Amino acid sequence: MPKLTQTIEDEQAAFNAVVKEIKDWWASPKQSHITRPYSAERIASLRGPLPQRYASSDMALKLWNQLNEHRKNGTFEMTFGVTDPIIASQMAKFQQTLYVSGALCGFSEVSEPGMDCCDYPMDTVPKVVDKVFKSQMWHSQRQSHYRMLASKEERADLENWDYLTPIVADGDMGFGGLTSTVKMTKLFVEAGVAMFHLDDLAIGKKKFTVGQGRTIVPTSEYLDRLTSARMQIDIMGAETLLLCRCDTDHSEFIADVIDARDHKYVQGATIPVTSLRETLKEAAKRGSPNLLAVRKEWIASAKICTYDEAVEAVASEIEYKDYISKVGSGIKSLKERETIAKEVVSKDIFFDWDLPRSREGQYLYRSCVTGIVERSILAAPLGDVTWARMDAPNWNDLVEFHTKFSKVIPDRNFAFGYTGDYDYTKAGFSQEAIRTFPSDLAKMGITWQVQPIWALQGLNFGTEKFAKLWRERGIEGYIAEVQTPALAVKPITDGFEKPSYSGSYLCDAFWDTVAVRDVGEGAGGEIGEKRIR
Ligand SMILES: C[C@](O)(C(=O)O)[C@H](CC(=O)O)C(=O)O
C-alpha cells in the first residue's frame, strides 16, 4: 500500500486550514446561536480527507429561512406525518415541509410492525427519509424536464411546484448509546433530512399501554445525546438542523439520579416502609390480580414527595423559609439539601428515594413546567429549534413554558405536535379556541406545527370508505367517486396535458435521448422550442 507522501508541514497547514474553515463557519449567522462543548481542532481531527457536500445542508438552510420568516411575521407552517412518496408529492402543493414520523414508520415501514415503542431498527426512519427525498428529487426532475419541453409562453400555464419541501424526521432517543446516535445522525444527513429531533426519553422504556408514565434520562444524558448528534453534523460539515425535543411533561420516572440538576424533582418515601419492589414481589407471589392497584396503595402509604416537600412537611414556617433561601437557585444535590436541612430544621426528616424504585431501577420523578423549561434551556444551545412535547394540549402549560423559555432565549423557533388523540374539549378548548389554536401558538413563536400521525386516522378512515365503495359499487363507483373527480382537478395532478401520475414523459425522454443517434440530427437540441415526442 503506498504511503501518503505529504510532509508534516503540509499536513499541519492543511489541518490548520480546516480548523479555520470550521471556525469561520461556526461564526456564520446560521451557526452562531450554537454553543459547542468541543473545539474546532477536535472536529477537524475527526474529519476524513474527502469533504462531501450534502443535500441536507441545502434543505436545512431552506427550512431555517422558512422558520425565521414565519417567526418574523407571526405565521407558521402546518404539516403532517408521511412515509409514502405519493402522499409527499401532493403535500408539496400545500405544505412547506414534511414530517417523517417514527410512530408511522414503526407501523408501516418495518417487517415487524408495532406500537410507537422505538423498538424498530435504527436506520428505519433514515431509510424512509431517503426514499421520500429521492422521490422529491424525481418529481423536481420530471417537472423541470417537462417544463423545458415547452416554449416560454406555454410554460406560464404549466405546473411549477416546489417539490423539495424540507423533511423533518423523528430521531426518537437516538436508538442506543452515543455511537448509535452518531450513526443515525450520519444516515439522516446522507438521506437529505433538513432537521431531526432527539428527545430525553429512556431507551427501551417507551411504554404507553401499562398505565404508567414515561421515563426520562438524566439531564446530562439528554445533553450528551444532543451533543453526539451535533458533533456528527459538524464532522460532516453539514447545516442540518437539530430539534431539541423534551418529553419531560408528565414523565413519571427518571432512569438515574447521577445528575444533581435533577435531584429536586426526584420523589422519595417519607415513611420507612417495605420497598415498593418487595411489596410488589410479595403481592405477585400471593397471586394479587391487580399489581397496579397494589402500587397505587403503596405510593399513598409511603407518603411520596420531593425532598423540598418533605422538609416543608416537617419544618416550621420560619425554618422552611430559611431552608429555601439557603438552597437558593443554583444546583443543589440531595446530599447538599440534606446538609442544609440538618442545619436549619429542628426535627429529623425521613426521605428515601430508593424505596419507590421500580424493578428496572427507575426513580420516581415529579414533572413540572419549570423542570421542562430548565432542561430545554440547557439543551437549546446544542440545537436550532425546541419542542416541549405535551401529553395534552394544556393551554396554561404551553403559555408558561414558552413565556419562561423566551425570557431566557428570545426569538427561538418552537415546534408543536397535534398528537392524534388529544382531546381538546376535555382540555377546555371552545370551538373558537380550537379554530384559532394554530395561530395562537404561532404568537408564542411556535413556527413549525405538525399532525404526526394523520395517516393512522385519516388514511385508515379514507381507505375504509373506499374499500366499502369498491366492494359495493365496483368500477361504476370508482369512476364516479375517484377517477372523474381526480381527473377534473386542474391543473391535472402530476400529469399536465396527458394525465399520468407516473411522469411517463420522463421515461420517454430517456428513450428519446438514447435513440437520438438512430433518428438523426436535431432531436436532442429542440428542448425549449419543440416537443421531442
Ligand atoms: C411525533 C411522534 O413522536 C411520532 O412518532 O410521530 C409521536 C406521535 C404521537 O404519539 O402522536 C409523539 O408525539 O410522541
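Residues numbered from 1 in each chain as written. Predicted model: local features only at pLDDT ≥ 70, side-chain atom pairs only at ≥ 80, totals over all residues. Heavy atoms only, no water.

Going by an unreviewed UniProt entry, the chain carries the name Isocitrate lyase and comes from Calycina marina. Heading Sequence similarities (unreviewed entry) of the UniProt record for the chain holds this comment: "Belongs to the isocitrate lyase/PEP mutase superfamily. Isocitrate lyase family." Recorded under Subunit (unreviewed entry), the UniProt text for the chain is reproduced unchanged: "Homotetramer." (UniProt positions renumbered as here; feature names shortened; annotations may be inferred.)

Undergrad: So what exactly am I meant to see when it comes to the nonpolar core here?
TA: Nonpolar side chains in soluble globular proteins tend to be buried together. Within the largest apolar cluster, 99 residues are counted, with the highest numbers of intra-cluster contacts made by Val-129, Phe-196, Tyr-323 and Phe-401. Sorting elements by how many residues they give to this core places helix H9 (residues 219–236) first, with 6 residues. Apart from residues no more than four positions distant in its own chain, Tyr-323 is found in contact with Tyr-307, Asp-308, Val-311, Arg-337, Ile-340, Ala-341 and Val-344. Listed in part, the 9 residues of the second largest apolar core include Val-19, Trp-25, Ile-43 and Ile-235. (Core = buried A, V, L, I, M, F, W, Y, C linked by side-chain atoms within 4.5 Å. Buried < 20%, exposed > 50% of the residue type's maximum accessible area, 1.4 Å probe, protein only. Helix = DSSP H or I, 4+ residues; strand = E, 2+ residues; numbered from the N terminus. Contact = heavy atoms within 4.5 Å.)

Undergrad: Whenever I open this one, the site of the ligand confuses me. Can you help?
TA: Taken together, the neighbourhood of the ligand is formed by 13 residues, with Ser-101, Ala-103, Asp-170, Arg-245 and Arg-389 sitting nearest. A distance of 2.8 Å is found between an oxygen atom of the ligand and a backbone nitrogen or oxygen belonging to Ala-103. At 2.7 Å from an oxygen atom of the ligand is found a side-chain nitrogen or oxygen belonging to Arg-389. In isolation the ligand offers 340 Å² of accessible surface; the protein chains occlude 95% of this area. Broken down by class, the residue content of the shell around the ligand amounts to 5 nonpolar, 4 polar and 4 charged. (Near = heavy atom within 4 Å. Polar contact = N/O pair within 3.5 Å; in protein donor to acceptor, adjacent residues only side chain to side chain. Areas by Shrake-Rupley, 256 points an atom, 1.4 Å probe, with all protein chains shown as cover. Nonpolar A, V, L, I, M, F, W, Y, C, P; charged D, E, K, R; others polar.)

Undergrad: Even after reading the chapter, I still don't get the packing of aromatic side chains, so can you show me in this structure?
TA: Aromatic rings in a pair are described by how distant their centres are and how their planes are angled relative to each other. Across all of its chains, the model carries 26 aromatic pairs by this definition. Ring centres of Trp-395 and Phe-437 lie 6.0 Å apart, and the angle between their planes is 65°; this geometry places the pair in the edge-to-face category. Residue Trp-395 is located in helix H16 (residues 395–408), and its partner Phe-437 is located in helix H17 (residues 431–443); the two are separated by 42 residues in the primary sequence. On the accessibility criterion, Phe-437 (2% relative accessible area) is buried. Judged by centre distance (6.2 Å) and plane angle (75°), the rings of Phe-401 and Phe-414 are edge-to-face. Linking Phe-401 in helix H16 with Phe-414 in strand E12 (residues 413–417), this pair joins segments that are 13 residues apart in sequence. Judged by its relative accessible area of 0%, Phe-401 falls in the buried class. On the basis of relative accessible area, Phe-414 is assigned to the buried category, the value being 0%. (Phe/Tyr/Trp six-rings, centres within 6.5 Å; stacked < 30°, edge-to-face > 60°.)

Undergrad: Sorry, what's going on with the domain arrangement of the chain here?
TA: Many authors give the size of an interface as the accessible area that is lost as the parts come together. Structurally, the chain comprises domain 1 (1–51), domain 2 (55–250 + 370–429 + 446–452) and domain 3 (267–364). Its C-alpha centre places domain 2 at a distance of 37 Å from the equivalent point of domain 3. Each partner contributes residues to the interface: domain 2 has 6 residues there, and domain 3 has 4 residues. Carbon and sulfur atoms supply 46% of the area that domain 2 and domain 3 bury against each other, a total of about 390 Å² over both sides. Our enumeration of links across domain 2 and domain 3 arrives at 1 salt bridge. Its salt-bridge partner being Glu-360, residue Lys-205 comes within 4.0 Å of it at the nearest N-O pair. (Domains from an automatic or database assignment. Buried area = accessible area lost by both parts, 1.4 Å probe. Salt bridge = Lys/Arg side-chain N within 4 Å of Asp/Glu carboxyl O.)

Undergrad: So what exactly am I meant to see when it comes to the pairing of strand E3 (residues 167–170) here?
TA: Along any regular strand, the residues point their side chains to alternate faces of the sheet. Neither face of E3 is open: one carries Ile-167 and Ala-169, the other Val-168 and Asp-170, and all of them are buried. The pairing of strand E2 (residues 98–100) with E3 spans 3 bridges and is parallel. Across the sheet, residue Tyr-99 finds its bridge partner in E3, namely Val-168. Here 3 bridges tie E3 to strand E4 (residues 195–198), and the two strands are oriented parallel to one another. Residue pairing across strands places Ala-169 opposite Phe-196, the latter belonging to E4. (Pairing = 2+ DSSP bridges.)

Undergrad: Is there a simple way to think about helix H1 (residues 8–26) in this case?
TA: Along an α-helix, a turn takes 3.6 residues, which lines up residues three or four apart on a common side. Taking 1.5 Å per residue as the helical rise, H1 with its 19 residues ought to reach 27 Å, and the 27 Å between its terminal C-alpha atoms agrees with that figure. Here H1 has its buried residues at Val-19, Ile-22, Trp-25 and Trp-26. Buried residues of H1 fall within an arc of 125° about the axis and therefore sit on the same side. Among the exposed residues of H1, those pointing more than 90 degrees away from its buried face are Glu-9 and Lys-20. Residues of H1 that are buried sit in contact with helix H2 (40–46) and H9. (Expected span 1.5 Å × (residues − 1). Arc of directions from axis to C-beta.)

Undergrad: I keep staring at the side chain of Asp-397 and nothing clicks. Help me out?
TA: Turning to its location among the elements, Asp-397 is positioned in helix H16. Buried and unpaired, Asp-397 has Lys-404 as its nearest opposite-charge partner, separated by 9.1 Å. Contact partners of Asp-397, with chain neighbours within four places excluded, come to Asp-249, Val-369 and Met-390. (Lys, Arg positive; Asp, Glu negative; His and termini not counted.)

Undergrad: Would you explain the sheet that holds strand E8 (residues 266–269) in this entry?
TA: Taken in spatial order, the 5 strands make up an open sheet running E5-E7-E10-E8-E9, and their pairing is mixed. Strands with a single pairing partner mark the edges of an open sheet, and in this sheet they are strand E5 (214–216) and strand E9 (304–306). With strand direction ignored, the average angle separating the axes of adjacent strands in the sheet is 45°. As paired strands, strand E7 (residues 251–254) and strand E10 (residues 363–365) are joined by 2 bridges and run antiparallel to one another. Across the sheet, Ile-254 pairs through a bridge with Tyr-363, a residue of E10. Running over the sheet, helix H12 (residues 307–314) touches E8 and E9 and is turned about 105° from E9. (Axes fitted to C-alpha atoms, helices over the stretch in contact; angles between N-to-C directions.)

Undergrad: Even after reading the chapter, I still don't get unusual backbone geometry, so can you show me in this structure?
TA: The phi torsion of most residues other than glycine is negative, and most of the peptide bonds are trans. Of note, the phi angle at Lys-303 is positive, near 45°, even though the residue is not glycine. Note on placement: Lys-303 falls in the loop between helix H11 (291–301) and E9. Residue Lys-303 is classed as exposed on the basis of its relative accessible area of 52%. Despite not being glycine, Asp-411 has its phi angle at roughly 65°, a positive value. One can find Asp-411 in the loop between H16 and E12.

Undergrad: So what exactly am I meant to see when it comes to the environment of Thr-306 here?
TA: Within the secondary structure, Thr-306 is located in strand E9. With a relative accessible area of 6%, Thr-306 lands in the buried category. The spacing of Thr-306 and Lys-264 is 42 residues in sequence and 6.5 Å in space, taken between C-alpha atoms. Filtering out sequence-adjacent residues up to four positions away, Thr-306 remains in contact with Lys-264, Tyr-265, Val-266, Gln-267, Phe-351 and Arg-366.

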